[in-house]
Amino acid sequence: APPGGISIIGSNSIDTAGDLYVVNVNAISKEKNRRNKRLFDLIVSIVLLISFPFTVWFINQKGGFLRNIFKVIGHRFSWVGYHNINTEMYLGLPVIKPGILKTTDLMDPESKGNEAIDRANMLYARDYSIAKDFEMVIKAFKKIGQL
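Anyway, here's the lowdown on the structure attached to this text. Remember, it's a predicted structure, so these values are computed and weren't measured experimentally.

With that settled, consider the overall build of the protein. For the protein, the count of helices and strands is 6 helices and 4 strands. Starting at the N terminus and walking to the C terminus, you meet the elements of the protein as β-β-α-α-α-β-α-β-α-α. A fraction of 58% describes how many contacts in the protein between residues 6 or more apart in sequence connect residues 24 or more apart.

Spelled out as structure tokens, the structure:
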């Protein structure tokens, strides 16, 4: 386990490759966190639906805004989810609904290498909180209409 790391690599044998194990601090895989995430998604969706006539003017892609609200209410999407890339790190993360906003939406586009994306996804899965989702929705508010 690397110091300050978010994972442990281990193997049952010298002859086999190591498996990646995520250190569960306040992981999104916990039932309580899954329930809180869903409740957060519903509350944000209802608030956005009620305030739609006012908030639509602050969204970059207005066409997808209302559609995204109903995708989240219908439990097909969540407001915040992983940035999907096809790496081994992504395959080891707990499964959650696809997000309208990604864990990397606030990152500088030039720093979005595979390693940075993997780290952002891993940190989100390991240390989940409603406060992180709320911060993401507020800071990336203009992007909630993205398809």
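All right, on to the pattern of salt bridges then. Scanning the entire structure with this criterion turns up 3 salt bridges. Salt-bridge contacts for D133 lead to K37; the nearest nitrogen and oxygen are separated by 3.0 Å. Of this pair, D133 sits in helix 6 (residues 130-139) while K37 sits in helix 1 (residues 31-50); the two residues are 96 residues apart in sequence, bridging distant segments of the chain. Classification of D133 as buried rests on a relative accessible area of 0%. Ionic pairing is found between E135 and K139, a salt bridge with its closest N-O pair at 2.7 Å. Linking E135 with K139, this pair stays in helix 6, spanning 4 residues, or about one helical turn. For K139, a relative accessible area of 54% translates into the label exposed.

Now for the packing of aromatic side chains. By the definition in use, this model includes 3 aromatic pairs. With centroids separated by 6.4 Å and ring planes inclined at 90 degrees, the aromatic side chains of Y82 and Y124 adopt a geometry described as edge-to-face. One end of the pair, Y82, is in the loop between strand 3 (78-81) and helix 4 (88-91); the other, Y124, is in helix 5 (residues 114-126), with 42 residues separating them in the sequence. With respect to burial, Y82 and Y124 carry one shared label: buried. Measuring from ring centre to ring centre gives 5.7 Å for Y124 and Y128, while their planes differ by 85 degrees; the resulting arrangement is edge-to-face. Grouping residues by exposure puts Y124 and Y128 together as buried. Cluster of aromatic residues (ring-pair linked, three or more members): Y82, Y124 and Y128. Here the guanidinium or amino end of K71 rests over the ring plane of F77, the centre of that ring lying 5.0 Å away.

What counts and what doesn't
- Residues numbered from 1 in each chain as written.
- Predicted model: local features only at pLDDT ≥ 70, side-chain atom pairs only at ≥ 80, totals over all residues.
- Heavy atoms only, no water.
- Helix = DSSP H or I, 4+ residues; strand = E, 2+ residues; numbered from the N terminus.
- Contact = heavy atoms within 4.5 Å.
- Salt bridge = Lys/Arg side-chain N within 4 Å of Asp/Glu carboxyl O.
- Buried < 20%, exposed > 50% of the residue type's maximum accessible area, 1.4 Å probe, protein only.
- Phe/Tyr/Trp six-rings, centres within 6.5 Å; stacked < 30°, edge-to-face > 60°.
- Lys NZ or Arg CZ within 6 Å of the ring centre and 35° of its normal.

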